[in-house]
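What follows is the residue order along each chain.
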Amino acid sequence: MRRALLTIAALELRTRLRDGTALVIAVVVPVALATLFSLALGGDDPPLKATVGIVDLDRGEFPASVRREVTASAELKGSVTLRDLPSRDAAARALDADEIGSAIVFPAGFSGSVGAGEGGRIDVLTSPRSPLAGVVARAVVDRISALVDARTLAVRAVLLAGVPGGQVKELVERNGAAGPALTLGGDPLAGGKVDLSVYYGSGMAALFAFFVVGASFRGLLTERKLGTLDRMRAGPLAVWVPFAGKAVVGFALALVSVCVTWAASVLVSGATWGDPPAVLAVLVAHVLAAAAITMLVTSRVRTDAQADGVIMVVSFVMAFLGGSLVPMHNLPGVLQAAARLTPNGWTSAALTELAGGGTGLADVAGPIAVLCAIALAAGGLAVAGLKKGMLL
Amino acid sequence: MTPPTSTATSTTATTVTTPALACQGLAKRYGDLVAVQDVGFSIAAGQAYGLLGPNGAGKTTTISMLVGLLRPDAGGVTVGGVDLAAEPMRAKARLGYVPQEVALYPELTGRENLRFFGRLFGLSRRELPGRIEEVLDLVGLAGRADSKLGTYSGGMRRRINIGAALLHRPEVLILDEPTVGVDPQSRNAILEGVERLVAGGMSLLYTSHYMEEVERVCDRVAIIDHGRIIADGTREELISLVGSHDKVELSLDGDVETALAKLRAVEGVVEGARTGGTSIRLITEGGRRLLPSLITAVDGCATVTATRVIEPDLEATFLHLTGSTLRD
C-alpha cells in the first residue's frame, strides 16, 4: 500500500509543480505580499511616529490632564507628539493633510459637565493612514471614559444621599473620585507595537495555506470528473489511498508555503517571528486546520469549480475575521469575538504572542490545541462527507 | 436457453469449476428508483459474457457493484471464488475494469498513464517497462506511446483506456460500453483486440447496447431491462425464444392466388398469406435454403420479381422480450 500511496503522491506533486499557477499561489504571492508589507510597514524597530491633535474647547482639567500624562509617558516619549488645534474643522483639515494622525476633541464645558455628574462626550478623529496615532488617541479616550464613568457615578450617588450641590465636588474629590488625574493604563501602543510586517506576513501565510492545501482536495473532484478516481477505486488498493496521497502532498506544500513566507519575512525585513520551534508548531497546526476545513468544503460540493469558489470565499472570510487582512485590534468587538471561531484568529493570536515577546511553546499551547481541535472536528465531518460522495 | 442463473458455479459431468466472475441477487436502489434488482449470473473461465440492454437498463450500475465502486443493497459478488465484500483487494486484483468514459490523465503520455496505473496496481519497477510494451503492442499504440493523451484521437484513447485495465494481467476484463462514440474503424479495431483477448483465454464481461458487438464478441448473453435480467443464454438459445421460423417475403408478377397455393404446398413452408396486391409472406423452416424451391414452384403461373428473407436475431428477441427496440 505504501507503493501505491507514493505513486499517487508523486503524480500529485508532479502535477502541482507542473502547474505554474500553483507555485505562484504557494510561494510567489504570499512571499511578495509579505515583502511588500514588510517594506511598507517597517521591520523589527519601526520608526513609530505619530502626531495627535488636541482641540481644547473645554479649557478645563481633563484636557490639561491629558497633556500632562502624554508628555510624562515613558512609552510615548519620542513617538507621540501633541499639537494644539483651534477647532474640530481645523483638526479635520490637518488630518486630511496628514499633518496629524488623529485628534481628540474636548467640547466646551466638558470638565464642568463631568464634575456635575452629567457625563460628557469626546470625539476622536482618526485616519487609516496613521493607525498608530489612532491607537494612541483611542487609548487616551478609553482612559478618560473610565474616569468619567467613575466620576459620574460618584456624583450621582452623593446627590442621591442628599448632600447639598455646593458640597458635592469637594466630597467626591475627598473620597477618591478626583477625576482628571489621568493615568494611561498599560502600554497604549500595545496594538501597534508588534512589528506589522510580522503581523501581515503571518496573515498572508495563514490565508494562502488554505489555497495551497485546498488545491489538493479539489484535485479529488477533478479525478472524479476524469474517471481516474473510480479507476483507482476499482483497483486493488485501499479506498483511502488516493485521498491520502493527495492530502500528504497538499499538506507538505502548504507547510512549505507558510515556512517560505516566514523565512522571506525574516530575511527580507529582518523581522522576528519569535521562538522558531514554537512558530513552526503554530504553522503546522494552522495548516492542519486549513487542510481539514478545505477537506470539509470538498466533501460538500459537487464539482471542482464549485470547490474553487467556496474555498476562496471561506479562505477570505476566515482571513478577514481572523485578522489576516486587517489587524484584529482594528475590528469591532463582535468581529474580534468572531475571530475566535477561525483558525486564522488563533494563529494570528499565537504568532502575535510569540513575536511580541512570548518565550516558547508553552505560551502558545492553548491556540495550538484549539487549532488541532478545529482540525479534528472539521476533519471528522469531512470524512463522513467524502465517503458519501464516493471520494473516499 | 436457460433462465437467469444465480448459481456460483457451473458444472460439468465430473468436475466443478469456479466461475471467473459470479454475482447473485444484486440489488441497488436510489430512493424510490430501483436501479438494479435481483441480478445474478456466472461467467466461466475463458467465457465472453455480454450484458445487453438499452441505456438506463442498469448495466453500469451492475458493473459498478461488480468492481466494488458501489456497495449493493443486497446480493454478493465473487471473483475467481474470492468474495468481493470480504476480501476486496484480492478480488479486485483479479479484475480489469474499463470504464465507459476514458479514465486517464490527458496531460500525461500514453506510456506515463500506463506506468502510473501499473505501479498503482502492484507491478514492480522491473517488470513494468516490459509489460507496458506488451500492452502497447496489444492495443496497437506502440508508435504513439510518448504522445500526450490529449493529442490522441477518440479511438486511440479508447484503446489505451482498455490497455490500462490489462496491465496487471487480470483474469476477468470488464468493459462498460467500450465503443460508445467512436468511429466504425476504431470500433472494429477495439472489437478485434477484444476478440484476441478472448481467444487468449481471458474471461470477459462486455456491456453494450449495440447488438452486433455483443453477437460478435460474446458466446453468452444476458438481456437486461429496467434493472432486471430477463433472459440469459447463448445467442441461439435466446433467438429460439421467438421461434425458429424464418419469414420469406416474395413479390410476384402473374397469378398471385395460384402461386400462393403452389407455395403453400412446398415442403418446409408452414404458412403463407398475401400481404398486398402482389406480395406474399411465408413462414418457413429454413427460409434462405428454400428459395430455389419457392421460385421453381411458381414457375408457369407467376414470376418472382423480388425476395426478402427475415431470420430471427437478437434484435427480434429483444423486441419480443421487452416490447421495445434497443435504440428506443
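Analysis parameters
Residues numbered from 1 in each chain as written. Chains lettered and ligands numbered in written order. Predicted model: local features only at pLDDT ≥ 70, side-chain atom pairs only at ≥ 80, totals over all residues. Helix = DSSP H or I, 4+ residues; strand = E, 2+ residues; numbered from the N terminus. Buried ≥ 20, exposed ≤ 12 C-beta atoms within 10 Å, placed from the backbone. Contact = placed C-beta atoms within 7 Å. Nonpolar A, V, L, I, M, F, W, Y, C, P; charged D, E, K, R; others polar. Axes fitted to C-alpha atoms, helices over the stretch in contact; angles between N-to-C directions. Parallel < 35°, antiparallel > 145°, perpendicular 65-115°, else oblique. Left-handed = near helix turned anticlockwise from the far one by under 90°. Pairing = 2+ DSSP bridges. pLDDT = per-residue confidence, 0-100. Core = buried A, V, L, I, M, F, W, Y, C linked by C-beta atoms within 7 Å.

Concerning the overall build of chain B
Next up, step 1: Counting secondary structure elements, chain B contains eleven helices and 16 strands.
Next up, step 2: Looking at chain B residue by residue over its 328 residues, the buried ones come to 44%.
Next up, step 3: Restricting the contact set of chain B to residue pairs at least 6 apart, pairs at least 24 apart contribute 69%.

What about the overall build of chain A?
Next up, step 1: Helix and strand content of chain A: 16 helices and four strands.
Next up, step 2: The buried share of chain A, reckoned over its 392 residues, is 46%.
Next up, step 3: Long-range pairs, those at least 24 residues apart, make up 79% of the contacts in chain A with a sequence separation of at least 6.

Here we look at the interface of chain A and chain B
Frequently, the measure chosen for interface size is the accessible area removed from exposure when the parts meet.
Next up, step 1: The interface of chain A with chain B comprises 15 residues on the first partner and 17 residues on the second.
Next up, step 2: Elements supplying a minimum of two residues to the side of chain A that touches chain B: helix H1 (2-18) and helix H10 (228-233) of chain A.
Next up, step 3: The leading source of residues in the side of chain A that touches chain B is H10(A), at five residues.
Next up, step 4: When grouped by side-chain class, the residues that make up the side of chain A that touches chain B number seven nonpolar, four polar and four charged.

Let's talk about the packing of helix H12 (residues 276-300) of chain A against helix H16 (residues 365-388) of chain A
Residues and elements named next belong to chain A.
Next up, step 1: Packing of H12 against H16 brings their axes to within 8 Å, and their N-to-C directions diverge by 25°. Our classification of the angle between H12 and H16 gives roughly parallel. Note that H12 runs across H16; the crossing there is left-handed. Mapping the contact onto sequence places Ala281, Val282, Ala285, His286, Leu288, Ala289, Ala292, Ile293, Met295, Leu296, Ser299 and Arg300 in H12 and Pro367, Ile368, Leu371, Cys372, Ile374, Ala375, Ala378, Gly379, Leu381, Ala382, Gly385 and Leu386 in H16.

Brief notes about the sheet that holds strand S9 (residues 172-176) of chain B
All names here are of chain B.
Next up, step 1: Spatial strand order, S8-S9-S10-S5-S11-S12: six strands in an open sheet with mixed pairing. Because the sheet does not close on itself, it has two edges, and the strands there are strand S8 (95-98) and strand S12 (228-233). Each strand axis lies, on average, 15° off the axis of its neighbour in the sheet, ignoring direction.
Next up, step 2: Where strand S11 (residues 220-225) lies against S12, five bridges are found, and the strand directions are antiparallel. When the sheet's bridge partners are listed, Asp225 is paired in S12 with Arg228.
Next up, step 3: Sheet strands in contact with helix H1 (residues 59-66) are strand S5 (48-52), S9, strand S10 (203-208) and S11, and its direction is about 150° off that of S9.

Brief notes about the confidence of the model for chain A
Next up, step 1: Taken as a whole, chain A shows an average pLDDT of 79; of its residues, 82% reach a score of 70 or greater.
Next up, step 2: In the predicted structure, residues 183-193 of chain A sits below a pLDDT of 50 and forms 23 contacts with residues beyond four places in sequence or in another chain.

Focus: the nonpolar core
Next up, step 1: Ala209(A), Ala254(A), Val282(A), Val287(A), Ala292(A) and Ile174(B) are the most contacted members of the largest nonpolar core, which totals 151 residues.
Next up, step 2: The biggest single contributor to this core is helix H9 (residues 196-226) of chain A, with 17 residues.
Next up, step 3: In this structure, Ala254(A) is in contact with Ala209(A), Val212(A), Val213(A), Val287(A), Ala290(A) and Ala291(A), ignoring residues within four places of it in sequence.

Re the pairing of strand S13 (residues 246-254) of chain B
The side chains of a regular strand alternate between both faces of the sheet.
All names here are of chain B.
Next up, step 1: Bridge count between S13 and strand S15 (residues 279-284): six bridges; the pairing is antiparallel. What sits directly across from Val248, in S15, is Leu282.
Next up, step 2: As defined by bridge partners, S13 adjoins strand S16 (residues 302-310) across eight bridges and the pair is classed as antiparallel. Following the sheet pairing, Ser251 is matched in S16 by Ala306.

Digging into the environment of Gln100(B)
Residues and elements named next belong to chain B.
Next up, step 1: Within the secondary structure, Gln100 sits in the loop between S8 and helix H3 (110-120).
Next up, step 2: Expressed as a C-alpha distance, the spacing of Gln100 and Ser208, which sit 108 residues apart in the sequence, is 9.9 Å.
Next up, step 3: Apart from the residues within four sequence positions on either side, Gln100 is in contact with Thr60, Asp176, Glu177 and Val180.

Remarks on H1(B)
Residues and elements named next belong to chain B.
Next up, step 1: Burial within H1 is extensive, with eight of its eight residues counted as buried.
Next up, step 2: When we look at burial in H1, the residues that qualify are Lys59, Thr60, Thr61, Thr62, Ile63, Ser64, Met65 and Leu66.
Next up, step 3: One or two steps after H1, the chain reaches Gly68, where phi turns positive at roughly 85°.

Let's talk about the packing of helix H11 (residues 240-269) of chain A against H12(A)
Residue and element names in this part refer to chain A.
Next up, step 1: Contact geometry of H11 with H12 gives a least axis separation of 10 Å together with a crossing angle of 140°. The orientation of H11 relative to H12 falls into the category oblique. Remark: the crossing between H11 and H12 carries right-handed chirality. Counting all contacts with H11, which are made through Ala247, Gly250, Phe251, Ala254, Leu255, Val258, Cys259 and Trp262, the residues of H12 involved are Val279, Leu283, Val284, Val287, Ala290 and Ala291.
Next up, step 2: Classifying every residue of the contact of H11 with H12 by side-chain character gives 13 nonpolar, one polar and no charged.

Describing the environment of Arg16(A)
All names here are of chain A.
Next up, step 1: Looking at where Arg16 falls in the secondary structure, it is placed in helix H1.
Next up, step 2: Sequence spacing of Arg16 and Leu253 is 237 residues, and the spatial spacing of their C-alpha atoms is 9.2 Å.
Next up, step 3: Those residues within four positions of Arg16 in sequence are excluded, and the remaining contacts are Ala22, Ala215, Val249 and Leu253.

Comments concerning unusual backbone geometry
Residue and element names in this part refer to chain B.
Next up, step 1: One non-glycine residue, Asp38, adopts positive backbone phi at about 50°.
Next up, step 2: Within the secondary structure, Asp38 sits in strand S4 (residues 33-43).
Next up, step 3: A positive phi angle is found at Arg169, which is not glycine, with a value near 50°.
Next up, step 4: Using a count of 14 C-beta atoms within 10 Å as the deciding quantity, one classes Arg169 as partly exposed.

Section: the environment of Pro327(A)
Residues and elements named next belong to chain A.
Next up, step 1: Inspection of the secondary structure puts Pro327 in the loop between helix H13 (304-321) and helix H14 (333-338).
Next up, step 2: Owing to 19 C-beta atoms within 10 Å, Pro327 belongs among the partly exposed residues under this scheme.
Next up, step 3: Remark: the alpha-carbon pair of Pro327 and Tyr200, spanning 127 residues in sequence, is separated by 8.2 Å.

Comments concerning the confidence of the model for chain B
All names here are of chain B.
Next up, step 1: When pLDDT is averaged along chain B, the result is 86; 92% of the residues meet or exceed 70.
Next up, step 2: Within the model, the stretch residues 1-14 combines pLDDT values under 50 with 36 contacts to residues more than four positions away or in other chains.
Next up, step 3: Predicted as a complex, the structure gets a pTM of 0.68 and an ipTM equal to 0.77.

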